[in-house]
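Examination of the molecular architecture
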Amino acid sequence: MDNRIAVVPGTFDPITNGHVDIIKRAQSIFDHVIVAVATNSSKIPLFNFKERLMITREVINANPCLKNVEVKGVNGLLVDFAKNHGAKVIVRGLRAVSDFEYELQMAFMNRRLNKNVEIMYMMPYIKFSFLSSSIVKEIFYNKGDISQFVPEIVIKHMKDKLKY
Ligand code: COA
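Read on for an overview of the structure. (Residues numbered from 1 in each chain as written. Predicted model: local features only at pLDDT ≥ 70, side-chain atom pairs only at ≥ 80, totals over all residues. Heavy atoms only, no water.)

1. Some points on the environment of Val97
Counted only if it meets this: Numbered from the N terminus, helices here are DSSP runs of H or I no shorter than four residues, and strands are runs of E no shorter than two.
When you line up the elements, Val97 lands in helix H4 (residues 97–113). Linking Val97 and Arg4, residues 93 residues apart in sequence, is a C-alpha distance of 29 Å.

Here is the structure:
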């Protein structure tokens, strides 16, 4: 049987414990998981592409629970990236009904662009269902404690970036 490869894409600005939860869930089903750091042209990120790639890679490599997971950057369309890496499945997290419309639009468009790539949705652990990268940044900008929402490595990079 073919190796089952999944791509878990995101902007990861920054990666949160909710993203890590979805990556772990994908890992439990697939032989190999590629965390794909991409660009969402409608967002102005805090961390640039190179930084997001580096931070995401550091987080994944430092987590002993994450084996057979690698981090790569996406240049261009996600479906082309999946095809070029032999992945037939894209995994996304679905936190609440509010995610659904956006995800549905992306899923249909990705299918239109490449009908051979399937999109699979996974629910995060309930305590992460309200979490987002924007909320984490908002708490941090206001000097709140984000230690239960993001890996330690992310806090260090946020402090460096914002000179806290
Ligand atoms: N836990 C916590 N937060 C989560 C989450 C989870 N399980 N799942 C999603 N989120 C949050 C993120 O933190 C993020 O929050 P933010 O909006 O406050 O930053 C938001 O939900 C979604 O962001 P993310 O998961 O990083 O993905 P995205 O929606 O920004 O990513 C891409 C979209 C990158 C996958 C998409 O733009 C893409 O495919 N780009 C490549 C180019 C392409 O092919 N475009 C055509 C697409 S049809």
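2. Thoughts on the sheet that holds strand S2 (residues 32–37)
Here is the rule: When DSSP locates at least two bridges between a pair of strands, those strands are taken to pair. Angular values range over 0 to 180 degrees, each being the angle between N-to-C directions of two axes fitted as lines to C-alpha atoms, with helices fitted over their stretch in contact.
Spatially, the five strands line up as an open sheet ordered S3-S2-S1-S4-S5, and their pairing is parallel. The sheet is open, and its two edges are formed by strand S3 (69–73) and strand S5 (118–122), each paired on a single side. Strand-to-strand, the axes of this sheet are offset by a mean angle of 30 degrees, without reference to chain direction. Examined bridge by bridge, strand S4 (residues 89–93) and S5 share five bridges and lie parallel to one another.

3. Describing the packing of aromatic side chains
Our working definition: For Phe, Tyr and Trp, rings pair up if their centres lie within 6.5 Å, where Trp contributes its six-membered ring, and each pair is then called stacked (planes under 30 degrees apart), edge-to-face (over 60) or tilted (otherwise). Whether a residue is buried, partly exposed or exposed follows from its accessible area with a 1.4 Å probe, protein chains only, as a fraction of its type maximum: under 20%, in between, or over 50%, in that order.
The full count for this structure, using the stated rule, is two aromatic pairs. Their ring planes at 70 degrees and their centres at 6.2 Å tell us that Tyr125 and Phe128 sit as a pair that is edge-to-face. Phe128 sits in the buried class, given a relative accessible area of 10%. Centre to centre, the rings of Phe130 and Phe149 are 6.2 Å apart; their planes meet at 90 degrees, and the pair counts as edge-to-face. One end of the pair, Phe130, is in the loop between S5 and helix H5 (133–141); the other, Phe149, is in the loop between H5 and helix H6 (152–162), with 19 residues separating them in the sequence.

4. Remarks on the pairing of S4
The buried count for S4 comes to four of five residues, which makes it a mostly enclosed element. As paired strands, strand S1 (residues 5–10) and S4 are joined by two bridges and run parallel to one another. Residue pairing in the sheet places Ala6 in a bridge with Val89 of S4.

5. Describing the pattern of salt bridges
Heads up, the rule is: Salt bridges, as used here, are contacts in which a Lys or Arg side-chain nitrogen is within 4 Å of a carboxyl oxygen on Asp or Glu.
Taken as a whole, this structure holds seven salt bridges when the rule is applied. The shortest N-O distance in the salt bridge between Asp31 and Arg4 comes to 3.9 Å. Here Asp31, found in the loop between helix H1 (17–27) and S2, pairs with Arg4, found in the segment before S1; they are 27 residues apart in sequence, far enough to count as distant. Residue Arg4 is classed as partly exposed on the basis of its relative accessible area of 38%. Where Lys156 meets Asp160, a salt bridge forms, and the shortest distance between an N and an O atom there is 3.4 Å. With Lys156 and Asp160 both in helix H6 and four residues apart, this pair spans about one turn of that helix.

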